[in-house]
Amino acid sequence: MRRIAFHPILEIEKPKTIKFFFEGRELEAFEGETIAAALVANGIDVFGQTEHSRPRGFYCAIGKCSSCLMIVDGVSNVRSCITLVKDGMQVERQVGRGEITW
Amino acid sequence: MKNEYKVAIIGGGIVGCSIAYHLAKFGENDVVVFEKDYLSSGSTGRCAGGIRQQWSSPHNVLLAMRSVSLFEKLSQETGVDIEYKQGGYLVLSYDDQEAAQFEKNVQMQRELGLDVEILTPKDVKQRYPYIDVSGVKMATFCQKDGHANPHLANFAYARAAQKLGVHIMTHTKVMAVEVLPNGFELFTNRGKIGAKILINAAGPHSREIGNMVGVDLPTESYRHQIMVTEAVKNFFNPMAISFSGNFYMRQTKHGQFIMGQGDPEEKPGINNNVTYRFEREMAEKMCAIFPFLSKLRIVRHWSGHYNMSPDAQPIIGESTSVPSFYYAIGFSGHGFMLAPAVGEALAQMIIYGRTLHVDITELNLDRFEKGVVREKNVV
Amino acid sequence: MVKTDFLIIGGGPAGLSAAIETSKRGLKTLIVDEGVELGGQLVKQTHKFFGHEGFYASVRGFEIAKRLISQLNENVTIMNQTTVTGIYEDIITAYDRENDLIVEIEPKYILISVGASERFIPFENNHLPGIYGAGAVQTLMNQFKVLPGKRVLMVGSGNIGLIVSYQLLQAGAQVKAIVEITEKVGGYQVHAAKVKRLGVPILLRHTIVKAIGDEKVEGAVIAQVDEKFNVIPGTERELAVDVICIAVGLVPSIELAQMAGVKIEYIPELGGFVPFRDREMRTNIKNIFVAGDLAGIEEATTAMIEGKIVGVAVARDLTGIDLQEDLEKMQKELVEFRSGPFSDKVRKGLERFFPQSAHSYSKDAQQDLGPTGKLRPIIECFENIPCNPCQTSCPSGAITVPGNINSLPLIDYSKCTGCGICAMKCPGLAIFMVQENHQPGRDLIVLPYEFLPLPEKGQKVIALDREGREVGQAEIVKVVKSSNKTHLVHLSVPAGLAQVVRSFRIPQKSDSIVCRCEEITVEEIERAIDEGYTDYEELRRYLRIGMGPCGGRTCRVITLSILARKTKKSIQEIGCGTFRPPSMPVKFDSIVKGEIDNEK
Ligand SMILES: Cc1cc2nc3c(=O)[nH]c(=O)nc-3n(C[C@H](O)[C@H](O)[C@H](O)COP(=O)(O)OP(=O)(O)OC[C@H]3O[C@@H](n4cnc5c(N)ncnc54)[C@H](O)[C@@H]3O)c2cc1C
Ligand SMILES: Cc1cc2nc3c(=O)[nH]c(=O)nc-3n(C[C@H](O)[C@H](O)[C@H](O)COP(=O)(O)OP(=O)(O)OC[C@H]3O[C@@H](n4cnc5c(N)ncnc54)[C@H](O)[C@@H]3O)c2cc1C
Ligand code: SF4
Ligand code: SF4
């Protein structure tokens, strides 16, 4: 786990935990955090691959750089760094461009 | 830059560059192109890149067919991949009267040798299950229609022309023209230049250039807005368009959806701003017809201009009042697709005194003296 | 459709300060901010800010945000998690993330105070997961309390690089090194001193050459550079790190301003392309103002003052009340602040808009170290920075920052009672208390300390000097806990080390692409330039740089600099390109939903 347990300046509250799924694997997250924060906290740095098979993580954390696009509940191109994680959410790595369903 | 050229072209859009390339290809490379900004900065770089042969008047069909045969060779001829794709144009009609006219058009188009299909709403649904066909009366489809990347096509002509010796001066604005007994003197922000022949390919600014030379060109520019989504995997092959439904949309090679509509309330004039009303109207209309769009995001929205002529067809030819002043203007929203054939035809007129592949005499300025018959197949 | 007197885009220190001024004068004020909480950069800052007390000096960033927010009254409406996506000819739109819809806004006046975005730099493998912007690391660490790794390489030694390094140490990570390509530290000396004495090396004339790793960052190669910033072959070396943090500066986020028709000028001293503004922060468009980092990369204090100026000017325009005095007072504050040498650049940049004036400040530094044997503060603050809490916090008036706030602090030891309050308050943690021979053969040193765990009385620790080198053993004699979380740790060290020891370590049992959207590389850009695409706009269209979902935020600056280098033109000549709405990708769905909502 990479959660900060104690901090000299900041209060560390213990928010409610929820469950979500990453590539089918059940993981724990805190309510109110972003998908990206939850993944990094669980030790997951690789969020997907570019079209040219380069691994992709997230970079800017404010929804501006497109590095963190993932498939969330079947919808691709979701910015995981500004989207809050929800109970039962299905998160998957996106490879290349997103796909559209109809 | 020299101070004297045989031919000076005003406008570094696809039309100007196509003319320059064809002139050089036919042996005249003492040519300069003036572009006040950068290449493709005008309508060309802002357009949708659609290439269609399904027109309502025969000469437009023929001109477009000639263009298509030139587009088919363009990447190879110039060495620049213009992302040309013949995914077809699906023309949807939402109006009974229009549908009846389409039947007649298709007959004419077939007579001219174009392979066009007539589709029922059911056919459309079967081929494109992701389109909601509610309200569709009928559709026509031509597989040989398609699209290309406008910037790349513009660059392709420019680079090929340069290789043949044409000079392209970007960030060079023509500010005034003096008509001499035996040519023209052009005043630019980089100095004075003389030319024997002057070509107006200034797109939205065509009328200004006409005024500089003293020829009234009856064109007027209207803003048209357009927008593009983020990229997704390719699945949507045709350019979908509707005159009665007022929209067009295609997926680029890169995976983005590019789309637009016309706005009857638009006033003439140059305006590069965009309105949110456009996004709102488009979102509502397009999500109903293409429901898969609803989860997709718009990444950019911009505007360009249609340089409109009174009958919505281009004005091409040589001025009768000022000899050696040529123009290829007033494309009325379809100059991208016509640029190859028009460039070729105008170059032939200048060098051989006549066109070799398509007859463009019907597109001369004189036609307005006889009255105006509008081209109907426009968005 | 939402109608309001005054729309503030961006609720950082600039936006909040403007809102305080307009709302207290009765104007309907709407703040739209895309963050989860209001406060902008402030909410991620855990350190005490510089400045003077009128503008919350010595208060921690996230607490400043709270204090500003508490001054807003019922005239203010707040929409957070909402991004302004476009300033169109007909309307302004904002995307409400929580309700997933577009809101239309029609204001009389607008302040754009959206701050800045981070620069990015090209190096081999810079796409690897584990490489973050400094802002992202702060968000993860200070907002979500998640540490992205254990061993960090910091690239850049400006204030942000230095502060984020310090914050990483506080959160429990190791900072292996800070590399700085120029020959001097970019940030304040007091910030640099804070990390140095904790043993973090600041490697000048060094840069990152490449990230190592297949799936994610496993290391980094750094190397020395020559005067032209070219890597000196043979100086490369590898560091084992799992996070590379990029802190190479900020660029004003001009997108919305440019879309709105605000004139943009290239002024490198202010961070690059910035909007035109006059003395009242009004742009060339009568009802559009700018303030804060968007107007020029500077500081929270100046952002707040600029915000106040805008608030007062808008209130005057809309209410017709004469507020000249309030305006002038704030304009004077700005001059006062910007008189120091760190503001030379900013003043030079601002000269392009209107004439600047500056007050003189004193460069006289404290000479004597006071009476040996007395418990007294030693102030190690030798740079003229706009800061004076040492003066204002001392209950006996012993410290003065004479004249202008950028002067150096001087201390009159005869007035000092040795209370230690100044050491607790100083945001630079630059004040240490010493007493020689407090016990025979031992000197006493009192250090400001902001780490966990706090040592305990009697504990043996390792004493460190200003560079973080071990200089001996020390014993904790007292820990004074402070409510502002800068605790005072009293150490007893061998005599003679009073002016040497400045830090300590608790012994441990065991030591344990240029364009991201389109994946375009530097080589591809260089090749295209060689092919003749030397116009930024042509280049963009040819390679699709900046056409992706990010709208060019990460790649524009790099591309411009490559182009400038290859074509030997100035960035100013090349221009900044055009921005198109929406400023962030907007779903069709949200527009349709918003329309239904807006009709209500
Ligand atoms: C939103 C939109 C969608 C469109 N979609 C399509 C489509 O799908 N298919 C299609 O075929 N067409 C389409 N069009 C129309 C098409 O873009 C134009 O007809 C075509 O690009 C015209 O090319 P051009 O070279 O004549 O003009 P432009 O590309 O406008 O070039 C003219 C150039 O002249 C320059 N210029 C003007 N005055 C001066 C001066 N005084 N000195 C120097 N330079 C000067 C301008 O800067 C400009 O670059 C669309 C247009 C718009 C706006
Ligand atoms: C690590 C670090 C340490 C610093 N330390 C100090 C210090 O010690 N002392 C000091 O004086 N200064 C310090 N600064 C500088 C200071 O934080 C900034 O100068 C200041 O925050 C600028 O204020 P602002 O209001 O202009 O912008 P910001 O604080 O950046 O606020 C901008 C706001 O706009 C919002 N926004 C952006 N785009 C949109 C949009 N399209 N729609 C809606 N909202 C939007 C953002 O969410 C954000 O809340 C530090 C900065 C950093 C990064
Ligand atoms: S130790 Fe106390 S009295 Fe002395 S200078 Fe500091 S605050 Fe003032
Ligand atoms: S010593 Fe005074 S001026 Fe220097 S950083 Fe500390 S409080 Fe600021």
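Summary of the structure given here.

Some points on the overall build of chain C
Counting its secondary structure elements, chain C contains 16 helices and 29 strands. For 600 residues, the compact-globule estimate of 2.2 N^0.38 gives 25 Å, and chain C sits close to it at 25 Å. Seen through its C-alpha atoms, chain C measures out along the principal axes to roughly 80 × 65 × 45 Å. In chain C, buried positions account for 62% of the 600 residues.

Some words on the interface of chain A and chain B
Listed by partner, the interface residues are twelve residues for chain A and 15 residues for chain B. At the boundary of chain A with chain B, total buried surface from both sides reaches about 1100 Å², with 57% on carbon and sulfur atoms. In terms of surface lost to chain B, no three residues of chain A exceed Arg97, Ile100 and Trp102 of chain A, which account for 57% of the buried area on that side. Two residues, Lys233 of chain B and Glu99 of chain A, come together in a salt bridge whose shortest N-O distance is 3.7 Å. Taken together, the links from chain A to chain B amount to eight residue pairs in polar contact (both at pLDDT 80 or more). No other element matches strand β6 (residues 75–79) of chain A, which puts five residues into the side of chain A that touches chain B. Classifying every residue of the side of chain A that touches chain B by side-chain character gives five nonpolar, four polar and three charged.

Remarks on the site of ligand 3
Around ligand 3, a shell composed of 15 residues is seen, among which Cys394, Ser396, Cys416, Cys419 and Cys422 of chain C lie nearest. Taken together, the residues of the shell around ligand 3 sort by class into eleven nonpolar, four polar and no charged.

Overview of the packing of helix α5 (residues 150–163) of chain B against helix α13 (residues 536–543) of chain C
Running from N to C, α5 of chain B and α13 of chain C point in directions that differ by 115°, and their axes come no closer than 9 Å. Crossing hand, α5 of chain B versus α13 of chain C: left-handed. Facing α5 of chain B, whose interface residues are His151, Leu152, Phe155 and Arg159 of chain B, α13 of chain C presents Glu538, Arg541 and Tyr542 of chain C.

Looking at helix α2 (residues 58–78) of chain B
Note on helix geometry: an α-helix contains 3.6 residues per turn, so any two residues three or four positions apart are oriented the same way. Residue and element names in this part refer to chain B. Compared with an ideal rise of 1.5 Å per residue, which puts 21 residues at 30 Å, α2 spans 30 Å between its outermost C-alpha atoms and is within 8% of the ideal. Where α2 bends most, at Glu72, the angle is about 35°. Here α2 has its buried residues at His59, Asn60, Val61, Leu63, Ala64, Arg66, Ser67, Val68, Leu70, Phe71, Leu74 and Thr78. As for α2, its buried residues are in contact with α1 (14–25), β3 (50–51), α3 (96–111), α5 and α8 (335–352).

Topic: the sheet that holds strand β13 (residues 239–242) of chain B
One open sheet holds the nine strands; their spatial order is β5(B)-β6(B)-β4(B)-β13(B)-β14(B)-β15(B)-β12(B)-β16(B)-β29(C), and the pairing between them is mixed. In the strand order of this sheet, the two ends are held by β5 (117–119) of chain B together with β29 (586–587) of chain C, each with one partner. As paired strands, strand β12 (residues 220–229) of chain B and strand β16 (residues 297–308) of chain B are joined by ten bridges and run antiparallel to one another. The residue bridging Ser221 of chain B from the neighbouring strand is Asn307 of chain B, located in β16 of chain B.

So, the interface of chain A and chain C
Interface size is commonly expressed as the accessible surface area that is lost when the partners come together. The interface of chain A with chain C comprises 37 residues on the first partner and 44 residues on the second. Contact with chain C buries area across many residues of chain A, yet Ile9, Tyr59 and Lys64 of chain A alone supply 22% of it, more than any other trio. Here chain A and chain C share three salt bridges between them. The partner of Glu13 of chain A in a salt bridge is Lys145 of chain C, with the nearest N and O atoms 3.7 Å apart.

Some words on the packing of α1 of chain B against α5 of chain B
All names here are of chain B. Where α1 meets α5, the axes come as close as 8 Å, and the angle between the chain directions of the two elements is 30°. Accordingly, the angle class assigned to the pair α1 and α5 is roughly parallel. For the element pair α1 and α5, the recorded crossing hand is left-handed. Touching Ile14, Cys17, Ser18, Ala20, Tyr21 and His22 of α1 are Ala153, Asn154, Tyr157, Ala158, Ala160 and Ala161, all from α5. Broken down by class, the residue content of the contact of α1 with α5 amounts to nine nonpolar, three polar and no charged.

Concerning the sheet that holds strand β14 (residues 237–239) of chain C
Residues and elements named next belong to chain C. One open sheet holds the three strands; their spatial order is β12-β13-β14, and the pairing between them is antiparallel. With partners counted over all chains shown, the strands left at the sheet margins are β12 (206–212) and β14, one partner each. Here the strands of the sheet are splayed against their neighbours by 30° on average, with no regard to which way each runs. Examined bridge by bridge, strand β13 (residues 219–224) and β14 share three bridges and lie antiparallel to one another. Note that in β14 the partner of Ala220 across the bridge is Leu239.

So, the packing of aromatic side chains
Enumeration according to the criterion identifies 35 aromatic pairs over all chains in this entry. On the numbers, 4.7 Å between centres and 75° between planes, the contact of Tyr59 of chain A with Phe120 of chain C is edge-to-face. With Tyr59 of chain A in the loop between β4 (55–56) and β5 (69–72) and Phe120 of chain C in the loop between β7 (116–118) and β8 (131–133), this pair bridges two chains. With respect to class, Tyr59 of chain A is no different from Phe120 of chain C; both count as buried. Linked through ring pairs, Tyr94, Tyr128, Tyr130, Phe235, Phe236, Phe247, Phe257, Phe290 and Phe292 of chain B together constitute an aromatic cluster. In this arrangement the basic side chain of Arg3 of chain A is found over the ring face of Phe30 of chain A, its NZ or CZ atom lying 3.9 Å from the centre. The side chain of Arg502 of chain C reaches across the aromatic face of Phe432 of chain C, ending 4.9 Å from its centre.

Here's the deal with the state of the cysteines
Inspection of the entire model under this criterion finds zero disulfides over all chains. Of all cysteine sulfurs, the one in Cys60 of chain A lies closest to Cys245 of chain C, which takes part in no disulfide; the gap is 13 Å.

Focus: the pattern of salt bridges
Residues and elements named next belong to chain C. In total, this model carries 60 salt bridges over all chains according to the counting rule given. A salt bridge links Lys593 to Asp100, with the nearest nitrogen and oxygen atoms 3.4 Å apart. For Asp100, a relative accessible area of 14% puts it in the buried group. When salt bridges that share partners are traced, they join Glu21, Lys24, Arg25, Lys308 and Asp326 into one network.

Observations regarding the site of ligand 2
Residue and element names in this part refer to chain C. Near ligand 2 there are 32 residues, and of these Asp33, Gln41, His47, Val84 and Asp293 occur at the shortest range. Residue Ala14 places a main-chain N or O atom 3.0 Å away from an oxygen atom belonging to ligand 2. Within the complex, 93% of the 1000 Å² of free accessible area of ligand 2 lies under protein. Of all the secondary-structure elements, those providing two or more residues to the shell around ligand 2 are α1 (13–23), β4 (82–87), α4 (159–170) and α7 (300–319). Taken together, the residues of the shell around ligand 2 break down into twelve nonpolar, 15 polar and five charged. Domain assignment of the residues forming the shell around ligand 2 places at least three in each of domain 1 (2–116 + 251–350) and domain 2 (120–248).

Details of the pairing of strand β1 (residues 2–9) of chain C
Residues and elements named next belong to chain C. With six of eight residues buried, β1 is to be regarded as a mostly interior element. With seven bridges connecting them, β1 and strand β6 (residues 101–112) associate as parallel partners. Considered in β6, the bridge of Val2 is made with Ile105. Pairing between β1 and strand β2 (residues 29–32): four bridges, direction parallel.

What about unusual backbone geometry?
Residue and element names in this part refer to chain C. The linkage connecting Leu452 with the following residue, Pro453, adopts the cis geometry, with an omega of -5°. Its place among the elements puts Pro453 in the loop between β24 (442–449) and β25 (460–464). The omega torsion of the bond from Pro581 to Pro582 falls at -10°, within 30 degrees of zero and hence cis. Phi angles above zero are rare outside glycine, and Leu429 is one such case at about 45°. Relative accessible area serves as the criterion here: at 2%, Leu429 is assigned to the buried category.

Here is what the cut-offs are and how they apply
Residues numbered from 1 in each chain as written. Chains lettered and ligands numbered in written order. Predicted model: local features only at pLDDT ≥ 70, side-chain atom pairs only at ≥ 80, totals over all residues. Heavy atoms only, no water. Helix = DSSP H or I, 4+ residues; strand = E, 2+ residues; numbered from the N terminus. Rg over C-alpha atoms; globule rule 2.2 N^0.38 Å. Buried < 20%, exposed > 50% of the residue type's maximum accessible area, 1.4 Å probe, protein only. Contact = heavy atoms within 4.5 Å. Buried area = accessible area lost by both parts, 1.4 Å probe. Salt bridge = Lys/Arg side-chain N within 4 Å of Asp/Glu carboxyl O. Polar contact = N/O pair within 3.5 Å; in protein donor to acceptor, adjacent residues only side chain to side chain. Nonpolar A, V, L, I, M, F, W, Y, C, P; charged D, E, K, R; others polar. Near = heavy atom within 4 Å. Axes fitted to C-alpha atoms, helices over the stretch in contact; angles between N-to-C directions. Left-handed = near helix turned anticlockwise from the far one by under 90°. Expected span 1.5 Å × (residues − 1). Bend = angle between axes of the 7 residues up to and from the residue. Pairing = 2+ DSSP bridges. Parallel < 35°, antiparallel > 145°, perpendicular 65-115°, else oblique. Phe/Tyr/Trp six-rings, centres within 6.5 Å; stacked < 30°, edge-to-face > 60°. Lys NZ or Arg CZ within 6 Å of the ring centre and 35° of its normal. Disulfide = S-S within 2.5 Å. Areas by Shrake-Rupley, 256 points an atom, 1.4 Å probe, with all protein chains shown as cover. Domains from an automatic or database assignment.

Treat this as a map of the structure, not an account of what it does.
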